[in-house]
Structures are given as structure tokens and as C-alpha cells.
There are 4 protein chains.
Amino acid sequence: MADIKRIGILTSGGDCAGLNAAVRAVVHRAVDTYGWEVYGISRATHGLLQRPPEFHPLTRVPDDYDLLVKGGTFLGTTNKGNPFAFPMPDGTVGDRSEEIIEGYHQLGLDALIGIGGDGSLAILRRLAQQGGINLVAIPKTIDNDLGSTERAIGFDTAVNIATEAVDRLHFTAASHSRVMILEVMGRDAGHIAISAGIAGGADIILIPEIQYSMDRICDHITTLNDRGKDYAIMIVAEAVCNENGEKMTHQLALSQCRLGGVGQYLADNISTRTGAETRVTVLGHVQRGGIPSPLDRLTATAFGVAATDLIAEGRFDRMVSWQNRQVVDVPIESAIAHYQAVDLNGTLVKTARAMGICLGEPVRVPLSV
Amino acid sequence: MADIKRIGILTSGGDCAGLNAAVRAVVHRAVDTYGWEVYGISRATHGLLQRPPEFHPLTRVPDDYDLLVKGGTFLGTTNKGNPFAFPMPDGTVGDRSEEIIEGYHQLGLDALIGIGGDGSLAILRRLAQQGGINLVAIPKTIDNDLGSTERAIGFDTAVNIATEAVDRLHFTAASHSRVMILEVMGRDAGHIAISAGIAGGADIILIPEIQYSMDRICDHITTLNDRGKDYAIMIVAEAVCNENGEKMTHQLALSQCRLGGVGQYLADNISTRTGAETRVTVLGHVQRGGIPSPLDRLTATAFGVAATDLIAEGRFDRMVSWQNRQVVDVPIESAIAHYQAVDLNGTLVKTARAMGICLGEPVRVPLSV
Amino acid sequence: MADIKRIGILTSGGDCAGLNAAVRAVVHRAVDTYGWEVYGISRATHGLLQRPPEFHPLTRVPDDYDLLVKGGTFLGTTNKGNPFAFPMPDGTVGDRSEEIIEGYHQLGLDALIGIGGDGSLAILRRLAQQGGINLVAIPKTIDNDLGSTERAIGFDTAVNIATEAVDRLHFTAASHSRVMILEVMGRDAGHIAISAGIAGGADIILIPEIQYSMDRICDHITTLNDRGKDYAIMIVAEAVCNENGEKMTHQLALSQCRLGGVGQYLADNISTRTGAETRVTVLGHVQRGGIPSPLDRLTATAFGVAATDLIAEGRFDRMVSWQNRQVVDVPIESAIAHYQAVDLNGTLVKTARAMGICLGEPVRVPLSV
Amino acid sequence: MADIKRIGILTSGGDCAGLNAAVRAVVHRAVDTYGWEVYGISRATHGLLQRPPEFHPLTRVPDDYDLLVKGGTFLGTTNKGNPFAFPMPDGTVGDRSEEIIEGYHQLGLDALIGIGGDGSLAILRRLAQQGGINLVAIPKTIDNDLGSTERAIGFDTAVNIATEAVDRLHFTAASHSRVMILEVMGRDAGHIAISAGIAGGADIILIPEIQYSMDRICDHITTLNDRGKDYAIMIVAEAVCNENGEKMTHQLALSQCRLGGVGQYLADNISTRTGAETRVTVLGHVQRGGIPSPLDRLTATAFGVAATDLIAEGRFDRMVSWQNRQVVDVPIESAIAHYQAVDLNGTLVKTARAMGICLGEPVRVPLSV
């Protein structure tokens, strides 16, 4: 058993559903079982940059059900400002890592639980190694691209929200005989797009991992039409790449005056080539903000408990992970190193192809096994 | 009792939730009670332009629960092409009203039920008067701007979806200390925006009916901040007008390269003036497409029955209407004539002001009664 | 303008969704507009029986979104104990009305907002008249049986939950070829049953207002079968009465060892007579407890504001009411006096019959108008 | 590659959400990729008992989105009648297995996909071995008690519905200071109860795998009260066992006139001992019947594809299984043999204890690791 009296916890990177449930579980376990103090750091590492450092002392209240179901993070978060390349007032970037480490020690913390995705965890780990911080990590990412774990907090809720949007677009697409395009999050990994696409019965799914051919997409729409389906649903990740290696991202599309981002860029092309009436919806921040799904609440709770136990056992630099119905733990390093894109030979891609969903691939992949 | 053997039904204008439930009710009543044939015209008046006219013979099946809960319209609809100013192949517009009327008579219809909003109903009424069509109308509009009825099909579901989006944005706005802006439908009437804004606890609501002052909006955000609330939720209709009478619509904003439409236009301004971090979500077509709410299903069913009864009674040129817990009927003309904007002296505006919600008004309206 | 400095507010009777939204609106209006103090009385009139009286001082906080969406009532409520016939320790009942009135005056309240249904409002009005309490009422009842208002807080959410249950039972009924029976709330008025029944596509709806014939019900199930629909959905209010005037209530059925209450009582009969496989679900308290629907939140907010304004205007003994898109006010007396059962000649009953839904009526009502 | 021309598919046992999505996927894969015929057997093995055997020829239609989202099974199912001990008209039971096998061969099927839980799969496997049926299995069970797979169709949706009910009961429990008891499905395994209990923030969870002590439960409620939480949420599986080994099941409780089943039995005890006001809700069949969650739709689709591929590969007597983000396959025998109760040393039980949730265990398990 490690000699622990006070721990800190922070949520880092984009918010998602289930963060508060994880913090709640940490407080339960740390206070009730171990008798520790818990400090909730404000706005990720930014709270540690303040002097005095900003935090909420987190105590056990008899009824904290609200935290279980509340989306976002009541600790606050931020995604501006890598401590190692921090935007300074003079326009340059500076290294403020020492200030953060100092903030941690000023609070008298014996360990820190960091909840974040791969970017945040890499930064937190670097801070931990540099500054002697006893770090334990909890994975969260709506993109589901962290390695070494089957689940991360926030993904299930995001897929639910995206699928619900696909469901709704079906009705209006069919009523108006349109190609409806839904742009969802996923800059580097297309897990939301392909999961919600299969679950929602999309006709076309574009993900960052697979280069698409506009010919193939238009051909698919025409084929559907020939078969008597006069509408189509297309779900696209926010960054895609065509067969010539030309990337199109949400931001890039916007800078070219493509309101609707990647979706609109594709819609314009499809409309020109096929004559189809197209409409674009960018799902945006609603993907992050819902009441967490029961699965996300359960995962977050189990992760919060297990992360606290890792501290009690003095097993630092590790991340809790979901594998085969159980929470286990892995080195943080391995989770970051094994970035998890959509597996091109995995079940999702295979299932999508088998269902006749067009993934934009230039060559029609033979369906037989 | 009118001598009726066969009736037609069509859904016109933008699709919404509850249309199929209304068609289902018409079929029940017409077939079971009156023994009529029912023809479902394809794609609004477009089905009547085809030769032969396109329609689905609608029969009673033992189990048609699916129709009750399915969004959109299985008859199809379209919002391109006013029959009186129809886009012709040569680029001009032509009057194709006689063709539509002819199509109606070719089908041997004794009466027609038209489900539509004010635009569609005005066109249908003109066709009816010109061509001897026995028309009965059912109001549908997610904008809720039809006069002479408390309810129209589709509005309740649209408000539910918009409110759900506001709920979700709360969490992410609070987590990141942002001003989150949600753009919803409502080109001329702000019913969705003000209803979902009050129901979702928005801080600022902009509707077409009230000219806004950017000073006032920014002042409100600053005041919230001073009081300790470091985020804000703003819901805006897709067309708004500032205190100088300058209009900004979704389309106009896009043509100025404001991805995100009106919302983005406002976000840029707010961000520049207050320094707040802003994010925009355009809810778009998901507002139309959900499974109808129970209220919309009930309204649609009651309307479908009552519209069929009007035909049986030979009372044409009338629209069914919801008033004080009951379905009554009114002249179609009155429903179109009394366009229903958000009442500036009505309960919604008064409630919003009383709750301290900023409606963008240049002058702070005194709160006391 | 009345000379007001401090008001009380209480929620009385069974809880429902939207109560907190109403209390929130009262606090906004009373504090921000009028500068009054607001005391939230604990557990209805029970808080006023305590010495000192129990209450929460309610202040304006910058962010009270949570109250808008939280079901139930954070003030607490109770439905044990009519003050005029209060269960005493010795087993008798006593009149404790004077104690409550004294409690009200001890708190130095200038007026009281009571949120309740017809039972609660009748008691509160009697207390007010006896003790010089300046009472204003806000209608809430999931049964929707209060007169003089089109809406009461909680009804829309309850109908949503009941309809969702009907939707779910459709699938399992059809899969197993069963008669599925759903028992919902409504001891004296069948608004939930008939609304959710029409909205959910039920085959049979039993409400307290219409005496049912078991012959007719079984005949209807057989007819459905003959037509090829081998399952049925039946929704029943918790108290029904057969054609011989024999009442069956949830409690009575239970005392006869009919688990599943009225639903089970009917199921046993149907099963015996038709041989159909039956299953019963008693929806119970989940009908009360959901997140309020947008409509309930909007209604509650508008009611809270308007009730506060009535106090400011010194217009007591009145209830806020929704009529034709606006909040108006009516004498509390009239709302209680005009108990609102399901109107046998109204739209709901007419629509149900027209859709071929069996209401249990001994004689098949001719469908033609 | 096996030489296949025509396959059958059936759904067996209690219905659940996602069955239709699995059938849809089988049809896609079998028809589009392999060019086979697909026969959907009516009402599980009962369709094969009819002469001629009853089935639906299943063809590919351009738009079968409806099947993806529809709950239950459109093929029908039944849970009366083990073919090896079939209830005969004379009151005895008989072996009708040969008739079923004959029915399979009459249809000229080359293989059969059976979707079921452990009971159904054991029967189907016995039929297959006896009659030379090329069987492939897809796991479905809302109880999640099948071995050798992380997921089975229907469980995620059932947990969502149960958790939603817990959420709703929180509000009404808190408003009335009650102990609210929710009885959910799970005769032998408590997965729904413990998952929804943790996800919904329940105070007490009883599952079949852990014998409970009434003393301990009442002590827990009293402790909560002492700490200032005057209400409690308790979720119980439909069959539980006390510390003396006395079993109480839903059916047994009913036969003792405990309407509300196990829940009521416990409620009576708690009420008597603690004086707490208790209320019971039996969730019942609504747990089965919802629109499938996105996760269930995705799982069902991937399973349907993979099961069809197993047939193409001639790999029979195997069940598709979800393991570590991928679909794999295992012997049907192993899935049945390794019945999966809630693991007493696993993550769920550990998490529940760590959160201070009472599992009814006679001895308070020390919280420290």
C-alpha cells in the first residue's frame, strides 16, 4: 500500500459524457474506502498554472446522483494550451511545464488521476515523468482511438447521438428523395462514423482510414436509384482523403467557403455529378454533451474505482482499461503508442462491406469471403 | 351527406413528423366508416402532373402501427415547384395548374385532403377554386405559424428535438466556458426558437419578430459573467434582423462565407466584441425527421379523422383546427390570412423576459408588470 | 400593486415532472423583478406543521438549469394527511388546519403559491379562506382532470412515458402473438389511458368514464384475429367499471390477490374466455418521475411567472390557466368545481372510436357521423 | 466453401431488441454475396412442426431500414414447448423432435441459423445432432448469461430501459422520501440488475448470485437516513435468495398473493422493519420491446454477417461471439456449458461494493483492496 493522504483529479481535452460519473466514483472510493482527501483541479492543467492553484475540494455528500447523469465535466476543461508549447502573451510559445508541476506540489498531492484522450495523456505523462507526479490515467475519448482498451468514456454516448441523427435523417431523406449527408466527429479515426453508419443503416460511410473515390460514391448512388431506392444516407467523418491523397478537413473546407465543412464539399461534388438533391448536417458539439448512456456511466464508474485502487497499490504510470468484461490496467505508454484507428481487416469494416455499404473504396471489394 | 366514392390525399411542403399518422387516420376513417377508396398522391402535386397520375391505392391493413410512428411522409413530398410558376426546362416559369387539376379529375377523385403549411395550403386552395376540387386541409408546419389553430402537425416534435440539443449544449458550454449558439428553423416565425429556448433554459433567444442589438447581447453575456456564470447558451432562428433593419438569413450568411449561417455571423461578432469563445451548431434537417411525439401522433390522428368527416359532410374549403382541447374546423382562408408570428404581447415573450432571458431588444424592457 | 415582501411556495400531492421548473420560474420572477424573498415550504403543508416551520430560503443563483430539467420536487411533497382530517397518534383523525395557518403566519409570508391538483387545491383554498392566506394556485396533475385549463404540469410527460411503454409492448406482443395489457394511472379520469392509447396505436382502451363489457372486449380480440392480427395491445386506467356497475380498482384487485391489479383482473378474464396468452404491465411510479418534456417545462415556467405576477397585482384566490396559446387566470373555485373527466362527446373519444379502437362499450357505436 | 443453396433462420425463446437487425444482416449477406435463398421460419421451431412447414421467403428489398430499428422479431417466436417434452393435447408430454427435423428437410434447407439464448441453443443443438441439421448460432439474451461471448443481442437495450426506469424513480423517491423498489428480469443471472443499478445510482442491488440478509438491507437504509438521505432506490432481480437459502421468485411471490412479486415481498419486509414508505414497480415486458440501441443494432448486424459466413465456410455447430472489438466464433457447446453468472470476483461486483452500494451480503465486505 502506498502512503497516500491527498490526491488530485483533472479532466483534460474535449469534454464528453461520463466524466462526472468517473470523478464521482473516485471520490466515493478515495474518501469512503481509503479516507483520502480529493482535490478536483479546475480546467485541466490550467488550474495548476494559477497561483494559488485552483481546485475544488471534493467531499462525499449523501446524494450525488446528479453527478452520475450530468454530461460534460463540472471541473471544467480546456483544449487550448499544451504546457510545453503554451501560447504566450507576446505571440510566442513557451514551456510552462515547471509551473504546472510546481502547482501540483504546492497542493501537497500524493498522486494525480488524469482523465483524457491520447493527446492529453501523452502530455500528462511527460509532466509526470519530469516532475515526479504519481500519475494514473482514465481513458476518455469520443473518437475511441486509444489503444489497449475496448472502451473509453464518452464513445458510447457519442455513437448513440450520431445514430439518432442518422435515424432522423432517414425519414426526411426518403420523403424528399434526397442524399442526406451527416458530418460527425473523428479527425483521425472513423469509429463514430462507421459505428453509427452501420447501426443507422447508412448507404455510404467515409472514414479517415479509407481513401475514397468520388466515382465510386456516385456510382453507388446511381445503383441504389436503379434498384428503386431514390434516396441515400451518407455519414462522413470530419476529415477524409480522396484516392489521389488530397485531404479535406472540416476546417479546410470552411476556409474554402464550404459551409457545412467536409459534408458540403462532398455534397457539392455529388450534386454536380449525379444531379441528386443533397443536404448537409454537421452534428457538431451535440455529440459531446448528452446525458451519459448507461454503458458510459457504468464504464466511468468502474474506471474511477479501479484508478483509485491503482493509487492505493502504488502502481503509477498506468491506465485503467476495459478488456473482456473486466477492468484491468496497462502502461499509459502502451495505450498512447498503440493508436487505434478503425481496423481495415476488422469486424466493423468487414460488416459494412458485407451489408453493401459503400466505403468509398475505388475498387469494389469482392464480397465473397 | 356528400356523395363520395373516392378521395385523394397528399402531403405538401417540407416533411415533418406525424404526416404518416394523419394519412393512416384518414384511411381508417374513410375505408372503415364510409367505405370509400383512398388514393395517396405521390410527391404532393407532382404526382398529379404525371401521366398517368402517380398514386398509391391505400387500403386498410390489420396492423398499420408502423405508420403511426414513422417520421416523414411515405407518400413523398417536394418543395420545388409552385404549379403557378413552375420551373420549365427552358429556364422560364410556366403555369401548370391546369395539368394538376386535370390529373385530379383523371383519377376520378371526389375530394382531396391536403396536408400542408400556409404556402402549400394557399396554392392548393387556388387550385381547388380554379378546378372544382373539393378540398379539405390539415395543418402541418414545424414553424407553427398557421393561424386559427393552436396546434399543427410536426411542431411539438421539432421543439422536442431542438430542446434536446439545447440540453446537450449546456453540458459542453459549461465544461469549456463557451458561448454555444444553436441555429434552428423558423424563417419568418420564431416559435421553435423561443419555445425550445425557454424549455431548455437558454440565456439569449433571437427570433425574426424582434430586432436585436448586438450591444445588448454582448452586454448580457458580460453581465452573466460578472454574476459568475462563465458560459452562455444562445438559440437563434435562421433569419434575424438587427436594430438597423439589416436582415441576416441562413442563405445570406452562407453566401458571405459564414459557414454556420446566421449562427456563425453572430458568433463572429460576439467573439470579436467580448472575447468569448464561441461555437455554432446548425440543427438543420434533424428537426424534421424524428419519430413523432405522442402529442403529434394524437393531433395527427384526430385531424385525419376530422378531415375525413368534413368530406362526408360535404363541408369543403375548410381546415381542421385544434382549439381548447377539441378539434373544430375553420375556413382555409382564415388560417392562411391570419399568419401567426410569435405574439410580442403574448405568453412566450412575456415569460422569456420575465425569466431574464435576453431577446436582443435594444432597450432592456422593464421587468415589472 | 400589492405590498409584498416575502412569499411562500409549496408543492402538494403526488409528485410529477415540471414542479421544479415552476418553482424556478417563481424564484426568477419574484427575486429579479419584484425583489421579494421566497420561502420554499418543505413537504407541502407538512412543513408548516413543524415548529419552527420547515422551509428552504430560495435565492437566485446564476445557473439553475438543473432545476429546469429535474423531475419530482426538490421541496418534497406528501400525500398523507388532509389537515382537516389528519391521522393522529391515537388512531383518530384531527383538525390541524389552525396549526398550518399559524405556521404560515409565523414565517411572515405575505402570499402563498400552491402547486397541486384538485384535491390539494381544494384543501389549500379552505385553509386560505379560514386563515387569511393570500393564495395563488398553479395546476399540476398527471391525470389532467382539472377544469378551466387546457394544460396542467406533468400530464404531457406522463403521456410520453405511457406511450413509450405502449410502443415497446407492440414489439413483444407481435413477436409472441399475445394480448399485452398496460395499466396506467388515472383513478377517476382516463386522460392518460386514452391519449397514450391513441398515440400508441392501442387496440382496446378502458377508462373510468366508460363502463366496459367483457363480451365486447373479447369479441374485439376475436375480430382482430379473424382479420389476421394475432396480437392486441390494451391500455387500461387503474380503475374501471363494467356494464353492471361493478367497479374494479387497482387496490381492490390487489386485495383479491390479483397481482397486476386491474390489468391482471382483466387479463384473467380475457384469457379464460378467448384462450389468448395475456401479459400485464403496471407502469406505476415511472409515470411520475421523468425529466419533464419540453412542453411541461415551458408550461411550468410560464405558470410560475404568471402566478408570481398575480401576487404582485394582489389578485388572490386565482389559478393560472392555459387557454388558446396564452396563460390566463381563473378563480381556483371554478377549476375545482369543473372537474374534467374525459369528454364522452369530445375529440378523444370520437377519434378513438373512429380509429376502430374498442372502448369496451357494450354496444358497438355506429361509426358514421 | 460449403455447397449451399438455401438456408433457414429462426428466432427462439423470449423476444428482445435487435433480432430483426440480425435477420436483416443474414439476408443481405446470404443473398447479395452468396446468392442463396433464405427462409425465415415462423415462430421458432413451431413453424417446422406445421405441415407444410411455415416460413417467410426473405428477399432483398432496396430499403429495409425498418427492420434495423424494429424491436421484437417479425418471424415470431414462442417460449412454450420444448420439442423433446412437448405438451400434448392429452396432458402428457411427447417428443416431437423428429417432426421438426422432418420439417427442416421438407423445406430443402442446407443450413439453419438459430438465434437464441442458452436454453434455445441447447435444444437446437440437440435437434441438429439428431437430425443432421447444419446449425450455426447467434447469441441473444437480455440476461447476458451466455458464456464465451462479451455481448449478446438485446442486453444493452434491456439495460438502457432498466436504467431509465431507475432514473425516473430517483425523482419520485426523493420527492416523497420513499424506498422505491424496481424488479427487473434475470431469473438466474443478475446482469441487468447490477448493471442498471450501478449505472442508475441505486443504493441496494439484489441479484440471484448473492444471498441477501434482510438485516443488512434494513441497516443500510437506516444508515443512509442517518447520513441525511431520506430515500433509497433498490433494484432487484426477479429471483433472489436470502441468507438461509430461502428462494423467492416472481412466480412464488405471486402465488403468496404478493402482487409486485419479489419486489413486493421485500417491500413488505422493509416497511415492517424500518417503517419506511415503500413502493414497487415491476418493469416486466417493456424491458424486451424497445427500439434496439445502436450497440445492439451493430452487434446484431455483425453477428448476422459472421453467422452467414460460417455457413459459407462449412463451419457448423459454432456460435458467433464478440471478443475484444471483434466477432469470432466458438463451439456452441462451450457457450452453453460456460453459463455466465455475475462474476462474484469481477468488475461489476467489485465496483458496486466500492461505490458503497449494498448487495445484501450478510457481512459488510471490507472495502479496502
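Residues numbered from 1 in each chain as written. Chains lettered and ligands numbered in written order. Predicted model: local features only at pLDDT ≥ 70, side-chain atom pairs only at ≥ 80, totals over all residues. Heavy atoms only, no water.

1. Observations concerning the overall build of chain A
- Check the secondary structure of chain A and you find 13 helices and 15 strands.
- Taken over the C-alpha atoms alone, chain A extends approximately 70 × 50 × 35 Å along its principal axes.
- Per-residue burial for chain A yields a buried fraction of 65% across its 369 residues.
- Sequence-distant contacts, at least 24 apart, represent 72% of the contacts inside chain A between residues at least 6 apart.
- As displayed, chain A has an accessible area near 12,000 Å², and 48% of this comes from carbon and sulfur atoms.
- For chain A, the centre of its 32 positive side-chain charges and the centre of its 42 negative side-chain charges are spaced 2 Å apart. (Helix = DSSP H or I, 4+ residues; strand = E, 2+ residues; numbered from the N terminus. Buried < 20%, exposed > 50% of the residue type's maximum accessible area, 1.4 Å probe, protein only. Contact = heavy atoms within 4.5 Å. Areas by Shrake-Rupley, 256 points an atom, 1.4 Å probe, with all protein chains shown as cover. Lys, Arg positive; Asp, Glu negative; His and termini not counted. Charge placed at Lys NZ, Arg CZ, Asp CG, Glu CD.)

2. Side note on the packing of helix α7 (residues 191-200) of chain A against helix α13 (residues 347-354) of chain A
Residue and element names in this part refer to chain A.
- For the pair α7 and α13, interaxial distance at closest approach is 10 Å and the crossing angle is 40°. The pairing of α7 with α13 is recorded here as oblique in orientation. Here α7 and α13 pass one another in a crossing that is left-handed. Here His191, Ile194, Ser195 and Ile198 of α7 lie close against α13, whose contacting residues are Leu348, Val349, Thr351 and Ala352.
- Taken together, the residues of the contact of α7 with α13 break down into 5 nonpolar, 3 polar and no charged. (Axes fitted to C-alpha atoms, helices over the stretch in contact; angles between N-to-C directions. Parallel < 35°, antiparallel > 145°, perpendicular 65-115°, else oblique. Left-handed = near helix turned anticlockwise from the far one by under 90°. Nonpolar A, V, L, I, M, F, W, Y, C, P; charged D, E, K, R; others polar.)

3. Focus on the UniProt feature "binding site: ATP" (unreviewed entry) in chain A
- When the UniProt feature table is mapped onto this chain, "binding site: ATP" (unreviewed entry) is found at Gly14(A), Lys80(A), Gly81(A), Gly117(A), Asp118(A), Gly119(A) and Ser120(A).
- One can find Gly14(A) in the loop between β1 (6-11) and α1 (19-33).
- Leaving out residues up to four positions away in the same chain, Gly14(A) has contacts with Asn79(A), Lys140(A), Arg288(A) and His176(B).
- Note on placement: Asp118(A) falls in helix α5 (residues 118-131).
- When its relative accessible area of 28% is taken as the criterion, Asp118(A) is described as partly exposed.
- Setting aside residues up to four positions removed in sequence, Asp118(A) forms contacts with Leu146(A), Ile336(A) and Tyr339(A). (UniProt positions renumbered as here; feature names shortened; annotations may be inferred.)

4. Let's talk about the side chain of Arg178(B)
- Relative to the helices and strands, Arg178(B) is located in the loop between α6 (155-176) and β8 (179-184).
- The class for Arg178(B) is buried, based on a relative accessible area of 3%.
- In this structure Arg178(B) touches Asn79(A), His285(A), Ala173(B), Asp230(B), Tyr231(B), Ala232(B), Glu277(B) and Arg279(B), once residues within four positions along its chain are discounted.

5. Some remarks on the sheet that holds strand β7 (residues 135-139) of chain B
Residues and elements named next belong to chain B.
- Taken together, the 7 strands give an open sheet; going across it, the order is β3-β2-β1-β6-β7-β14-β15, and neighbouring strands pair in mixed fashion. In this open sheet, the two strands that pair with only one neighbour each are β3 (55-58) and β15 (326-331). The sheet shows a mean angle of 25° between the axes of neighbouring strands, taken without regard to direction.
- Across 2 bridges, β7 lies against strand β14 (residues 318-323) in parallel orientation. (Pairing = 2+ DSSP bridges.)

6. Quick word on the interface of chain A and chain D
- Contacts between the two partners involve 59 residues from chain A, matched on the other side by 59 residues from chain D.
- Summing both sides of the interface, chain A and chain D together bury roughly 4,900 Å²; the carbon and sulfur share of this comes to 58%.
- Per-residue buried area on chain A facing chain D is highest for Tyr65(A), Arg325(A) and Met355(A); these three make up 16% of the total on that side.
- Counting across the interface, chain A meets chain D through 20 residue pairs in polar contact (both at pLDDT 80 or more).
- Residue assignment for the side of chain A that touches chain D shows that the elements contributing at least two residues are α1, α3 (65-69), α6 (155-176), α7, α11 (294-312), β15 (326-331) and α13 of chain A.
- Per-element accounting of the side of chain A that touches chain D gives the leading share, 8 residues, to α11(A). (Buried area = accessible area lost by both parts, 1.4 Å probe. Polar contact = N/O pair within 3.5 Å; in protein donor to acceptor, adjacent residues only side chain to side chain.)

7. Some details on the pairing of strand β10 (residues 232-237) of chain B
Residues and elements named next belong to chain B.
- Most of β10 sits out of view: 6 of its 6 residues are buried.
- Side chains of β10 alternate between two faces, with Ala232, Met234 and Val236 and Ile233, Ile235 and Ala237 buried alike.
- Two elements, β8 and β10, share 6 bridges in a ladder whose sense is parallel. Across the sheet, the residue bridging to Glu183 is Val236, located in β10.
- Where strand β9 (residues 204-206) lies against β10, 3 bridges are found, and the strand directions are parallel. Of the residues in β10, the one forming a bridge with Ile205 is Ile235.
- As for the winding sense of the linkage, the β-α-β connection from β9 through helix α8 (residues 214-226) to β10 is right-handed. (Right-handed = clockwise from strand over helix to strand, strands pointing away.)

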